[in-house]
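Topology and contacts: notes
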Amino acid sequence: MSNYYTGVLALTVFDMIIMCLIAGSNHTMTHSMKNKFMQSFIVVMVGAVFEWGAAYLQVSSSVVWLHTLVKAVELCIAPAIPLVLYPAICNNKGLRSAMSWIVLINGVLIVLSSFLGFIFYVDAQNVYHHGPFYFLYMVAYGVEGILLLIGAILTIRSYQSSNAKLMIVEIIFVFFGIALQMIDKTIRVDYIAISITLSFFYVEYQDIIQSSDSLTKMLNRHSYDNKIGSLDYDCIFINIDLDNFKQCNDQYGHLYGDKCLSMVASVIIDTCSKYGLCYRIGGDEFCVIMPDRYLAESILSKLHEAMGEKRKLEPNLPMISTGYATYEYKKVSIIDAIEEADAMMYKFKNLRKQLLAQGKNPPYIDIQKMVKNS
């Protein structure tokens, strides 16, 4: 066992200790989320120590059963790392259940192989070998990584993050580290690759938290300000506002008001996120920024229809008012475009109030025609 290998694993453990300290002192994460990340860091540390222990026992001991036990524990831990990390990344119960079964089956096979040697074995000279069915262990490891990636991508999409491709690159990075070790057993870099990737995951999660609104899961005002400060293409601003939201809060309480904001936000995301980015820019104010190749009125018509369906389930849910404007890069001021969208939205809001007072409630497209002709 080389000093270089010992140094690499020592750095791995040190990296995970540092990440535990960083997560523990984080003031933007919930206590539960801190624990989930810290648990994954600790599992990597334990796995790295057991891998080092197995390598140490091979050259510094003749106790075959102890070498076999330590290696079996390490082979059980490694595929469990994605499962331990998973709750910090995603809450999809189906994927988590599948990952749990894979870890359980792998653990049973590793225990059996400790006696039968079909996945791994330690010979009478205390030398570790891969068995004829070692590929089952690699399949378990690989599938766990892929399922973790799927969960991460689902989370990224739900938060409108654009880091899905980066996640794929990171998983490839881990598999590359494992492949190097498979090709040449003297290149032991799997745990350092895992620890680096976990650090990447933590940084990306923090980026998502910092850019998202905690109540609605939409992009927050800070993200919105950064976006409009760097827009360099033609786009459409859609401004959305809840009608009579103050009265809703006063009548039903702020907890119900928060529930309304979450429900409206979910409708906006479900309807509009495939076309552009959805932001919560104020208390009950939202904005969608999308490329100008889309038809704003068609999308808004779908949004108002979806809100109508949601109100059938939640009658006290406020209605929304909407307005839009086109921003032409280098031709129109962003501020002017935003103010134009606001002006249309308030025209829409006031006109519908008048119509409702007259006992009329026409569909969005009819009100929008009246707004344009007013």
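The rules behind each value
- Residues numbered from 1 in each chain as written.
- Predicted model: local features only at pLDDT ≥ 70, side-chain atom pairs only at ≥ 80, totals over all residues.
- Heavy atoms only, no water.
- 1 Å grid on protein atoms, 1.4 Å probe; cavity = no way out; pocket = protein on both sides within 12 Å on 5 of 7 lines; lining within 4 Å.
- Points joined across faces, edges and corners; volume = space filled by probe spheres on them.
- Helix = DSSP H or I, 4+ residues; strand = E, 2+ residues; numbered from the N terminus.
- Nonpolar A, V, L, I, M, F, W, Y, C, P; charged D, E, K, R; others polar.
- Disulfide = S-S within 2.5 Å.
- Buried < 20%, exposed > 50% of the residue type's maximum accessible area, 1.4 Å probe, protein only.
- Pairing = 2+ DSSP bridges.
- Axes fitted to C-alpha atoms, helices over the stretch in contact; angles between N-to-C directions.
- Contact = heavy atoms within 4.5 Å.

1. Description of empty space enclosed by the protein
- In this structure the tally under the stated criterion is two cavities of 30 Å³ or more.
- Quantified by volume, the largest cavity comes out at close to 180 Å³.
- In terms of lining, the largest cavity is formed by 14 residues, of which the most central are Pro82, Leu148, Ile171, Val174 and Ile194.
- The set of elements that each furnish at least two residues to the lining of the largest cavity consists of α3 (64-89), α5 (134-158), α6 (164-183) and α7 (190-211).
- Ile89, Ala152, Thr155, Ile156, Met167, Phe201, Glu204, Tyr205 and Ile208 are the residues that line the second largest cavity.
- Going through the elements one at a time, α5 and α7 are the ones with two or more residues in the lining of the second largest cavity.
- Broken down by element, the residue count for the lining of the second largest cavity peaks at four residues, all from α7.
- Among the residues making up the lining of the second largest cavity, the classes are represented as seven nonpolar, one polar and one charged.

2. Points about the state of the cysteines
- In the structure shown here, the tally under the stated rule is zero disulfides.
- Not part of a disulfide, Cys235 finds its nearest cysteine sulfur in Cys287, a span of 8.7 Å.
- Given the relative accessible area of 0%, Cys235 is considered buried.
- With no disulfide of its own, Cys272 has Cys278 as its nearest cysteine by sulfur position, at a separation of 5.4 Å.
- Here Cys272 falls in the buried class, since its relative accessible area comes to 1%.

3. Details of the sheet that holds strand β6 (residues 320-327)
- An order of β4-β5-β3-β6 is seen for the four strands of this open sheet, with the pairing classed as antiparallel. Each edge of the sheet is formed by a strand with only one pairing partner; in this case those strands are β4 (277-280) and β6. Going across the sheet, the axis of each strand differs from the next one's by a mean of 20 degrees, ignoring polarity.
- Pairing of β4 with strand β5 (residues 285-291), which is carried by four bridges, proceeds in the antiparallel orientation. Across the sheet, Tyr279 pairs through a bridge with Cys287, a residue of β5.
- Of the strands in this sheet, β3 (235-242), β4 and β5 touch helix α8 (residues 221-229), which is tilted by about 125 degrees from β4.

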